[in-house]
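Secondary and tertiary structure notes
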Amino acid sequence: MGYIGSHVTSLLLQKGIEVIVIDNLDNTRLEVLDGIESITGTRPIFKQMDVCDEHNLKAVFDEFHDIGGVIHFAAHKSVSESVEAPLKYYDNNLGGLQKLLKYAVLKSIPFIFSSSCTVYGQSETLPISESEPLKPPTSPYGNTKKIGEQIIEDCCQAYEGFHAILLRYFNPIGAHPSSKIGEFPKGVPQNLVPFLTQTVRGIRPVLRVFGSTYDTPDGTCLRDYIHVMDLAEAHIASLDYLLKNQNSDSCEVYNVGTGKGVSVLELINAFEKATGKKVPYEFADPRPGDTVAAYADASKIKTKIGWKAQYSLEEALKSAWEWEKSLERIE
Ligand code: UD1
C-alpha cells in the first residue's frame, strides 16, 4: 500500500480483482485505503502486519485458499539509509521476501517481484537491456534487490510449478490522475521529483541539480522516468501473462521503463512547460555514487508481455504537481 502498491491495488480493483493488502504502515498512511476506495468504489481487504511476521503470514494464506497471485513490494528503499543501517535492509527486504516465498512456493502461486535498475549500476551500453551483465551493487539496498532476484531464480529452478517475474523498475514518478493517491516521502525527499514539487510548493528553498559536467548532452544525469500508472499497468500485464501460462521460462526478468533518457534539466523544463510553474534550482556537486546515465531498452516487455508506456513525461510531471497540491489540503 505504499507508492507503487497503492496504484497497482487501484487498477486491480477496477478490473474486478479482489485484493488483500499486507502492510505494516511503516512508510505509508492508513488514509491511502480511503483514496483507493474513493477511486475504485471498493476497499481492499487490509491486514496490518509485517511481511516478516511468519505466524500472521501463515494465517493469511490459511484464511484465503484461492490466492491467484502475489505481488511483492514491501521493502525499504533509501540508498543512503541502507549504507548506514545495512542489517535493517537485509532483515526486512530479504527476510520478508523469503517468508512470502515459502507460501507462494508451497501453493505454486505466480509471483511478481519489485526489482530495480540499480542492479545494472553504470551500464557499459545504453539503452540497457536485460541481458546486460549486472555490476556489483553500490549499496546494501541495491544488494537486497540483486540477492532477492537470485533467491527467486533459485526457487523457480528448485520448485516445479513455481513461476515468477522480476520487474526492474527504472525511475517511477507521478501520481494517480485523480490525485487521491501518490507518494508520501518520509522526511526530506531523496528522489528528484518529490524534492522538485516540494521546492515549487515552497517547502524547500531550492532544488540542487547534482552535477553539471557529466558526459551527457547537457552535462546533467540521464534517467528513464516512468509514470507510476504505466508501471502499475506493467504489473497487471505481467500477472496476466503468468496466469495464462504464456511464459517460456519459470523465472523471467523485464525492464520497466519508457526507453527514453531524460536529463535533470530536461525534466525541469518539462515540469515548467506542463505546469506553468517556475522551478528554483541551482547547480551543485555531483551526488556520490550517482550513475551518469541509465535508461531502459524496453523492447522485451513489449514483445513478450505486450506492455509499453503510454503516458508522456509532461503528463507524469503534471500529475506529480497535482498530487503535491492535494497534499497541501491534507496537511
Ligand atoms: C534512486 C536509487 C535507486 C532507486 C530509486 C528509487 C541511487 C543511486 N539510486 O535512483 O536505486 O531504485 O532512487 O526511485 O540512489 N537529483 C538531483 N537533485 C536532487 C535529487 C536528484 O539533481 O535533489 C538527480 C540525481 O542526481 C539523478 C536524478 O536526479 O541524476 C534522479 O535521482 P533520484 O530520483 O534520486 O533517482 P536515482 O538516483 O536514479
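These lines cover the structure that appears in this document, whether it is placed above or below. Numbers given for residues are sequential positions, taken from 1 along each chain in its written order. The predicted origin of the model limits local features to residues at a pLDDT of at least 70 and limits the giving and counting of side-chain atom pairs to 80 or more, whereas totals for whole chains, interfaces and linings rest on all residues. Neither water nor hydrogens contribute to the side-chain values; these are computed over all heavy atoms in the structure.

What to know about the overall build of the protein chain
Along the backbone of the protein chain there are 11 helices and 13 strands. Taken along its principal axes, the extent of the C-alpha atoms in the protein chain is 55 × 45 × 40 Å. Whether a residue is buried, partly exposed or exposed follows from its accessible area with a 1.4 Å probe, protein chains only, as a fraction of its type maximum: under 20%, in between, or over 50%, in that order. In the protein chain, which comprises 331 residues, the share counted as buried stands at 52%. We call two residues contacting when some pair of their heavy atoms lies within 4.5 Å. Within the protein chain, contacts between residues at least 6 apart in sequence are counted, and of these 79% link residues at least 24 apart. For the area figures, the Shrake-Rupley method with a 1.4 Å probe applies, and any residue is considered shielded solely by the protein chains shown. As displayed, the protein chain offers around 15,200 Å² of accessible surface, 50% of which is attributable to carbon and sulfur atoms. In summary, the charge assignment counts Lys and Arg as positive and Asp and Glu as negative, without counting His or the chain termini. Note on charges: their place is set at NZ of Lys, CZ of Arg, CG of Asp or CD of Glu. Each charge class in the protein chain was averaged separately, 33 positive and 43 negative side chains, and the resulting centres sit 3 Å apart. Numbering of helices and strands runs from the N terminus, with a helix taken as a DSSP run of H or I at least four residues long and a strand as a DSSP run of E at least two residues long.

Notes on the site of the ligand
One heavy atom suffices: a residue is near a molecule or strand as soon as one of its heavy atoms comes within 4 Å of it. With respect to spatial proximity, 18 residues lie near the ligand, and among them Leu192, Arg208, Arg223, Arg287 and Asp290 are the closest. Pairs of N or O atoms are called polar contacts if they sit within 3.5 Å, as long as, within protein, a hydrogen donor faces a hydrogen acceptor (for residues adjacent in sequence, only side-chain-to-side-chain pairs). The side chain of Ser116 places a nitrogen or oxygen atom 3.2 Å from an oxygen atom of the ligand. Thr118 has a polar side-chain atom sitting 3.4 Å from an oxygen atom of the ligand. Burial of the ligand by the protein amounts to 89% of the accessible area it has alone, namely 740 Å².

Quick look at the packing of helix α3 (residues 54–63) against helix α5 (residues 86–106)
Two packed helices can be described by the angle between their axes and the distance between those axes. Orientation is described by lines fitted to C-alpha atoms, with helices fitted over the stretch in contact, and by angles between N-to-C directions that extend from 0 to 180 degrees. Contact pair α3 / α5: the axes reach a minimum separation of 10 Å and the direction vectors enclose 30 degrees. Taken as axis vectors, α3 and α5 run roughly parallel relative to one another. In this structure, the crossing between α3 and α5 has a hand that is right-handed. Between α3 and α5, the residues in contact are Glu54, Leu57, Lys58 and Phe61 and Lys99, Leu100, Lys102 and Tyr103, respectively. Broken down by class, the residue content of the contact of α3 with α5 amounts to four nonpolar, no polar and four charged. Roughly parallel covers angles under 35 degrees, roughly antiparallel covers those over 145, roughly perpendicular covers 65 to 115, and oblique covers all other angles. Crossing handedness is defined as follows: a turn of the near helix away from the far one that is anticlockwise and smaller than a right angle gives a left-handed crossing, while the clockwise case is right-handed. Under the convention adopted here, Pro, Cys and the residues Ala, Val, Leu, Ile, Met, Phe, Trp and Tyr are nonpolar, Asp, Glu, Lys and Arg are charged, and Gly plus all remaining residues are polar.

Focus on the side chain of Arg204
With respect to the secondary-structure elements, Arg204 resides in the loop between α7 (192–200) and β7 (207–210). Salt bridges are absent for the buried Arg204, whose nearest opposite-charge side chain, Glu324, sits at 8.2 Å. One polar contact links Arg204 to Gln198, side chain to side chain, over a distance of 2.8 Å. Discounting chain neighbours no more than four positions away, the residues touching Arg204 are Gly187, Val188, Pro189, Phe195, Gln198 and Thr199. A pair is scored as a salt bridge if a Lys or Arg side-chain nitrogen falls within 4 Å of a carboxyl oxygen belonging to Asp or Glu.

Points about the sheet that holds strand β11 (residues 262–263)
Two strands form a pair only when DSSP identifies at least two bridges running between them. Taking strand neighbours across the sheet as the criterion, the three strands line up as β11-β8-β13 in an open arrangement whose pairing is mixed. Strand pairing shows two members of the sheet lacking a second neighbour, β11 and β13 (293–294), which therefore form its edges. In this structure, strand β8 (residues 222–223) lies alongside β13, joined through two bridges in parallel fashion. Residue pairing for β13: Arg223 is matched across the bridge by Ala294.

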